[in-house]
Amino acid sequence: MRRLICLVVMMMLAVVPAAVVAAVDKPSDWAQQEVESAIEEGLVPPDMQRDYRGDITRSEFARLAMHFLSAKLGKTAEEIVAGKGKQAMSDAFSDTDDRDILAAHALGIVSGKGRGLFRPGDLITRQEAAVMLYRTGKLFGMKSADGVYWFADDHEVADWAGEAVAFVYSTSDTMNGARVMGGVSEDRFGPNGRYTRQQAYITFKRLGNAMVAYHPDQMSDALTDMERELADLINDYRESLGLEPMRISKSLTKVARYHVYDSNAHRPEDGVDARGMEANLHSWSDQGHWKAVAYTPDHEYAELMWSKPSELTEYTDNGFEISVARYGAEITPQIALDLWKGSPGHNNVIVGEGYWSGLKVMGIGIYGGYSHVWFGLEEDPAGYYLE
């Protein structure tokens, strides 16, 4: 009987730790809702949905970054790297051949710790996490928002992390207004402190919500409702004049979308060129994988604008653009077309008048306060919408 009692007691003791672990292995109360949102959005790999309060390693954070990209772009790590014209190098580090780390390195998201080492098992610091988040955001054309921040421990932030810390602190989740990363207290960032899994999951969720919704790298291979409406309005207008409708080029639509994104996110038309001449709506910022241009009314930099299709797509010929902006309000397809019809220069492009008589195809972009429509003389090897 005594042995039986001892056995029962031992069994009870063996069960207790498991119950304690089960109770602890969930997000903290303050993190619960946002962690659940991150999981629902597919931002957390299934095998990382545990140990939420534990500190996260450098390799786990790199994996999380690549999983975030795959979830947002609908592509594998290999496809993302190849799509950016990069190549993952198997000998990038001597202490790891992890495919997510190598892919993140190829994309510029992660770097080593010196002497060819990545140190995958090291716990990530807050400033290292900030840098990886910033570099991930930059792949989508994100940049630091305007604003000033100050921390009592600014002097502890490494030179290589300063810009990233400014980015994560000044960039906010559009759904709840929370900073991508806040401080550890009201006046301290804690750059060398550890970072937990639940914090990592939340910050990637917030980063995703901070992105401009209209971005070519995040959009499906189909026209949006507004793009389709604008295309229909333009072609209806052409047909009313006895002209053939234009086919909607996938490549030129991609260029138009990139420009609409850039315009909404960065307003490059607010700049000036090296001569001090004011730019206009055909300008492109320096915040993307394209050549920046402050396009001026004298058309000094026309080639930098016309060449955007070959810069960004398989379309090798020049492209030509009409643009419109509505500051402080959303542009609609009908308003865009009406404004272009009221401008002889823009109207001539749409109807193929004079110099523009050879135009065959067009690409559509419209979102927020901007619309850009691109036109081309040659057929598109990437194909067409609405066929």
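Under the annotation held in an unreviewed UniProt entry, the chain carries the name S-layer homology domain-containing protein and is attributed to Paenibacillus chungangensis.

Chemist: Can you tell me about the environment of L223, naming the residues and giving the values?
Modeler: By secondary structure assignment, the location of L223 is in the loop between α8 (197-210) and α9 (225-240). Residue class for L223 comes out buried when judged on its relative accessible area of 9%. Through-space distance from the C-alpha of L223 to that of I234 is 15 Å; in sequence the pair is 11 residues apart. The contacts of L223, once residues within four sequence positions are left out, are R228, I248, T253, R257, Y385 and L386.

Chemist: Please give an account of the packing of helix α13 (residues 333-341) against helix α14 (residues 344-351) that cites residues and values.
Modeler: At a minimum axis distance of 6 Å, the contact between α13 and α14 shows a crossing angle of 110 degrees. Taken together, α13 and α14 sit at an angle that is classed as roughly perpendicular. Residues L337, W340 and K341 of α13 form the contact with α14, whose own contacting residues are H346, N347 and I350. Per-class residue counts for the contact of α13 with α14 are 3 nonpolar, 2 polar and 1 charged.

Chemist: Please give an account of the sheet that holds strand β4 (residues 370-376) that cites residues and values.
Modeler: The strand order across the open sheet formed by 5 strands is β2-β4-β3-β1-β5, and the pairing between neighbours is mixed. Among the strands making up the open sheet, the edge pair consists of β2 (319-325) and β5 (384-385). Relative to β4, β2 runs antiparallel, the two being bridged by 7 bridges. The residue of β4 that forms the bridge with A325 is Y370. In the packing of α13 onto the sheet, the strands contacted are β2, β3 (361-367) and β4, and the crossing angle to β2 comes to about 110 degrees. Here α14 sits on the sheet in contact with β2 and β4, set at roughly 130 degrees to β2.

Rules behind the numbers
- Residues numbered from 1 in each chain as written.
- Predicted model: local features only at pLDDT ≥ 70, side-chain atom pairs only at ≥ 80, totals over all residues.
- Heavy atoms only, no water.
- Helix = DSSP H or I, 4+ residues; strand = E, 2+ residues; numbered from the N terminus.
- Buried < 20%, exposed > 50% of the residue type's maximum accessible area, 1.4 Å probe, protein only.
- Contact = heavy atoms within 4.5 Å.
- Axes fitted to C-alpha atoms, helices over the stretch in contact; angles between N-to-C directions.
- Parallel < 35°, antiparallel > 145°, perpendicular 65-115°, else oblique.
- Nonpolar A, V, L, I, M, F, W, Y, C, P; charged D, E, K, R; others polar.
- Pairing = 2+ DSSP bridges.

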